[in-house]
Amino acid sequence: MLILTKNNFPSLQAGYMSATGKLAHPHPSPCDFHQVTEEISKLRIPNAGQANAYPHPKVHEVFGTLVNTLRCLPSSPWCNGQMPSLTLNPKLFLCGQMANQYGLTPPNSDFGIDPNRLISFVYAFQDQLQTHHYNAANQEWEATLKASVQKFTDTFKVVTKAANGFTSHEFVITTDTTQIGSPQLNRAIEAVSSEFMNSFEDQQLLAIFLKKEPILNNQVRLRFIILLRRDFIDDPVSLNNLGFFERIKLDFEQVHNYQLFYDTSLLNRYMASNLFHKKSRTFKEQIMQLKIYLVGTDSLYRIGSTDSTFSVLYLINEA
């Protein structure tokens, strides 16, 4: 499945904005920057070296969009250090790095940019996309993304075979980004997963996912998403009795130095509903939307490394 397509841009944008973007001043998102970078990578300029020899309006339009986007990047939390150290898609990273080298970012861009410098940047950037170094980085990035997408697809084949539908419920831990990969956080993740696995009747729990979300103030949100069986549309759709969770929360927080919360936001209000049924008219759209949020955002950025921000902690029939 191709993630970075025009059809998916609105959902990718919504995924970023719902998790972080709404908390910051208006700014270009990684999705916005990707679209500009794609245009620059494909731009063809006739008679390079002549600043006035490219009358095609498309070139002027792309240059204008690029310069305006680069000028706004310092206000973007994913660029100015307000968010955790994000690892950008290799093409985005290269574009930003070379834009700095060519003086296309503030403060240089505030004083106007020589068109010849823009032309030189475009050609140099396009040349770098043909190097061994870029190709190796891009292949590694795409391989991890492909594996995550395949994992998501395989998981939902099992889920939809095991049940006609499901409800999703979310529980979160917020911690400092330096904790990612630490033994104590890994133990906490295992403990939460184990507690949920032991809290539901056999065949009721279909899956447990973990999504790591970068947020402001150099923190990361660990979102545990549990899928509960819902074979019929009149099955209970909410966790009315949270007594089991209060027990889990108490036991967990007494042992681990993290707080666990029940979150009703539906992926930060990204999803309109937490009810899924494979006979419904919207089921395929819902699954696609879920896929873009859970694994699609990895096509643009990840947290601190090239590792996926999505994982499956439990899957029915694999216990």
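Preceding this paragraph is the structure being described.
Residues numbered from 1 in each chain as written. Predicted model: local features only at pLDDT ≥ 70, side-chain atom pairs only at ≥ 80, totals over all residues. Heavy atoms only, no water.

A. Structural context of the overall build of the chain. Scanning the chain from terminus to terminus reveals 10 helices and 8 strands. For the chain, buried positions account for 49% of its 319 residues. For the chain, restricting intrachain contacts to residue pairs at least 6 apart in sequence, the fraction spanning at least 24 positions comes to 76%. Counting every atom, the chain has about 15800 Å² of accessible surface; 51% of that belongs to carbon and sulfur. (Helix = DSSP H or I, 4+ residues; strand = E, 2+ residues; numbered from the N terminus. Buried < 20%, exposed > 50% of the residue type's maximum accessible area, 1.4 Å probe, protein only. Contact = heavy atoms within 4.5 Å. Areas by Shrake-Rupley, 256 points an atom, 1.4 Å probe, with all protein chains shown as cover.)

B. Highlighting empty space enclosed by the protein. Under the defined criterion, the tally for this structure stands at 2 cavities of 30 Å³ or more. Counted as a void, the largest cavity has a volume near 90 Å³. In terms of lining, the largest cavity is formed by 13 residues, of which the most central are Lys 211, Glu 213, Pro 214, Thr 297 and Tyr 301. When residues of the lining of the largest cavity are traced back to their parent elements, those giving at least two are helix H1 (9–19) and strand S3 (205–215). Top element by residues in the lining of the largest cavity is S3. It accounts for 4 residues. Across the lining of the largest cavity, the residue classes break down as 5 nonpolar, 4 polar and 4 charged. By volume, the second largest cavity is sized at about 40 Å³. Forming the boundary of the second largest cavity are Ser 168, Glu 170, Leu 266, Leu 267, Met 271, Ser 273, Asn 274 and Leu 290. (1 Å grid on protein atoms, 1.4 Å probe; cavity = no way out; pocket = protein on both sides within 12 Å on 5 of 7 lines; lining within 4 Å. Points joined across faces, edges and corners; volume = space filled by probe spheres on them. Nonpolar A, V, L, I, M, F, W, Y, C, P; charged D, E, K, R; others polar.)

C. Molecular detail of the pattern of salt bridges. Tallying each qualifying case throughout the model produces 11 salt bridges. A salt bridge links Glu 213 to Arg 223; the nearest nitrogen and oxygen atoms lie 2.7 Å apart. Residue Glu 213 is found in strand S3, and its partner Arg 223 is found in strand S4 (residues 219–229); the two are separated by 10 residues along the sequence. Note on accessibility: Glu 213 and Arg 223 belong to one class, buried. Of the charged contacts, one joins Glu 253 and Lys 249 as a salt bridge, the two residues approaching to 2.7 Å between their closest N and O atoms. Here the residue Glu 253 and the residue Lys 249 both occupy positions in helix H8 (residues 243–255), the gap between them amounting to 4 residues, near one helical turn. The partly exposed category is assigned to Glu 253, whose relative accessible area is 27%. When salt bridges that share partners are traced, they join Glu 170, Glu 213, Arg 221, Arg 223 and Asp 263 into one network. (Salt bridge = Lys/Arg side-chain N within 4 Å of Asp/Glu carboxyl O.)

D. Region of interest: the packing of helix H7 (residues 183–197) against H8. The interhelical angle for the contact between H7 and H8, taken along N-to-C directions, is 155 degrees, at an axis separation of 11 Å. Judged by the inter-axis angle, H7 sits roughly antiparallel to H8. The hand of the H7/H8 crossing is right-handed. Listed contacts from H8 to Ala 188, Ala 191, Val 192, Glu 195 and Phe 196 of H7 are Phe 244, Arg 247, Ile 248, Asp 251 and Phe 252. For the contact of H7 with H8, the per-class residue count stands at 7 nonpolar, no polar and 3 charged. (Axes fitted to C-alpha atoms, helices over the stretch in contact; angles between N-to-C directions. Parallel < 35°, antiparallel > 145°, perpendicular 65-115°, else oblique. Left-handed = near helix turned anticlockwise from the far one by under 90°.)

E. Quick look at unusual backbone geometry. For Asn 218, which is not glycine, the phi dihedral falls at a positive 55 degrees. With respect to the helices and strands, the residue Asn 218 is situated in the loop between S3 and S4. For Asn 218, a relative accessible area of 31% puts it in the partly exposed group. At Leu 266, a position not held by glycine, the phi torsion is positive, near 60 degrees. Checked against the element boundaries, Leu 266 lands in helix H9 (residues 266–269).

F. Main features of the packing of aromatic side chains. Applying the stated criterion across every chain yields a total of 15 aromatic pairs. Plain terms: the ring middles of Tyr 270 and Tyr 293 are 4.8 Å apart, the flat faces sit at 45 degrees to each other, and that makes the pair tilted. In this pair, Tyr 270 is assigned in the loop between H9 and strand S6 (275–277) and Tyr 293 in helix H10 (residues 283–294), connecting sequence segments 23 residues apart. Judged by its relative accessible area of 7%, Tyr 270 is buried. (Phe/Tyr/Trp six-rings, centres within 6.5 Å; stacked < 30°, edge-to-face > 60°.)

G. Region of interest: helix H5 (residues 115–128). The terminal C-alpha atoms of H5 lie 20 Å apart, and with 14 residues this matches the ideal 20 Å at 1.5 Å per residue to within 8%. By the burial criterion, the buried members of H5 are Leu 118, Ile 119, Phe 121, Val 122, Ala 124, Phe 125 and Gln 126. (Expected span 1.5 Å × (residues − 1).)

H. Just the nonpolar core, in detail. Within the largest apolar cluster, 91 residues are counted, with the highest numbers of intra-cluster contacts made by Phe 121, Phe 156, Phe 166, Phe 196, Leu 227 and Leu 294. With 7 residues, S4 is the largest single contributor of residues to this core. If we skip the residues at most four places from it in the chain, Phe 121 touches Ile 40, Leu 66, Cys 95, Met 98, Ala 99, Tyr 102 and Leu 104. (Core = buried A, V, L, I, M, F, W, Y, C linked by side-chain atoms within 4.5 Å.)

I. Spotlight on helix H6 (residues 132–162). When the terminal C-alpha atoms of H6 are compared, their 45 Å separation across 31 residues agrees well with the 45 Å that a helix rising 1.5 Å per residue should span. All of the buried residues along H6 are Tyr 134, Trp 141, Leu 145, Ser 148, Val 149, Phe 152, Thr 155, Phe 156 and Val 159.

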